[in-house]
Amino acid sequence: MRAGLTAVQNVVNSLAVFAFLGMVVALFAISALLRTVRELQQAVLATPAPGPAAVRRLARFASADGRPTFVLVVSEHCLSCRDRVGHLAAIPPGAIDGHLIQLSATEACAAWVERAPHVSAVADAELLGSVAVGATPSLVKYAPDGAEEWRRAVGSDPDLDRLLGVNQPESSNVR
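All figures in this text were calculated on a predicted structure; none of them were measured in a lab.

Draft legend 1. Fine view of the overall build of the protein. In terms of helices and strands, the protein carries 4 helices and 5 strands. Evaluated residue by residue, the protein yields a buried proportion of 29% over its 175 residues. Across the protein, the fraction of contacts at a sequence separation of at least 24, relative to all contacts at a separation of at least 6, is 65%.

The structure is reproduced here in C-alpha cells:
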C-alpha cells in the first residue's frame, strides 16, 4: 500500500512540475505575442496617414475682422442640440473671441437663439449639406478666410465650453 501512495505522489509531483513548466512556456508565448502587437502598433503609427483630400472652404463663414467663426450644427429633432444651443445662447457676449453661428436645416431652431443677439441663426439645408457633419450637435471652427480648421461632436455643456475656450469657474471640477 505504501508503494502505491508513493507512486501516486510521484505522479502528482510530476504533474505539478509539468503544469509549472507549461505556465512558464505560456508566459513566454504571451510575451512574444505582446511584443508582436506592440511592433505592429508602432508600424501603423509610423505609417504616414493620408491628409484630408481638400480643406473645406465656405465663403459664408469667412470674416473680415480676422476672428474665427464657430458653427454649432444642430437638428430640430435632437434634444441634446436644444440643450447645447441653450448653453451657447447663455454665454455672455464677448466671452468668445469669434463669431457664433447656429446652423440647422429649418427655421424651427432659430427660436432657440432669439434672445441671444451674439448668436446668428442660419437655416439653410444646402449649406448644412456643404458642412456635412456626421452627428449633431457638432461644432465646426472656421478660420477668418472660411477654411475649416476642425470639427468636433459636442456631448455636454462643459465640452462646448472647452471647445469654445470659455473659462470655466474655479469651483467647477470638470476639466
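Draft legend 2. Representation of the pattern of salt bridges in the model. Summed over all chains, the structure comprises 7 salt bridges. Close ionic contact of Arg-57 with Asp-145 constitutes a salt bridge, the shortest N to O distance being 2.8 Å. Residue Arg-57 is found in the loop between helix H1 (2–46) and strand S1 (69–73), and its partner Asp-145 is found in the loop between strand S4 (138–142) and strand S5 (148–153); the two are separated by 88 residues along the sequence. A salt bridge links Lys-141 to Glu-149, with the nearest nitrogen and oxygen atoms 3.4 Å apart. What emerges from the salt-bridge pattern is a single network uniting Arg-56, Glu-148 and Arg-151.

Draft legend 3. Structural detail: the packing of helix H2 (residues 79–90) against helix H4 (residues 157–164). Packing of H2 against H4 leaves a shortest axis separation of 10 Å and a crossing angle of 50°. In terms of their interaxial angle, H2 and H4 are classed as oblique. Considering the relative orientation of H2 and H4, their crossing is right-handed. Of the residues in H4, those in contact with Asp-83, Arg-84, His-87 and Leu-88 of H2 are Asp-157, Leu-160, Asp-161 and Leu-164. Class assignment for the residues of the contact of H2 with H4 results in 3 nonpolar, 1 polar and 4 charged.

Parameters at a glance
Residues numbered from 1 in each chain as written. Predicted model: local features only at pLDDT ≥ 70, side-chain atom pairs only at ≥ 80, totals over all residues. Heavy atoms only, no water. Helix = DSSP H or I, 4+ residues; strand = E, 2+ residues; numbered from the N terminus. Buried < 20%, exposed > 50% of the residue type's maximum accessible area, 1.4 Å probe, protein only. Contact = heavy atoms within 4.5 Å. Salt bridge = Lys/Arg side-chain N within 4 Å of Asp/Glu carboxyl O. Axes fitted to C-alpha atoms, helices over the stretch in contact; angles between N-to-C directions. Parallel < 35°, antiparallel > 145°, perpendicular 65-115°, else oblique. Left-handed = near helix turned anticlockwise from the far one by under 90°. Nonpolar A, V, L, I, M, F, W, Y, C, P; charged D, E, K, R; others polar.

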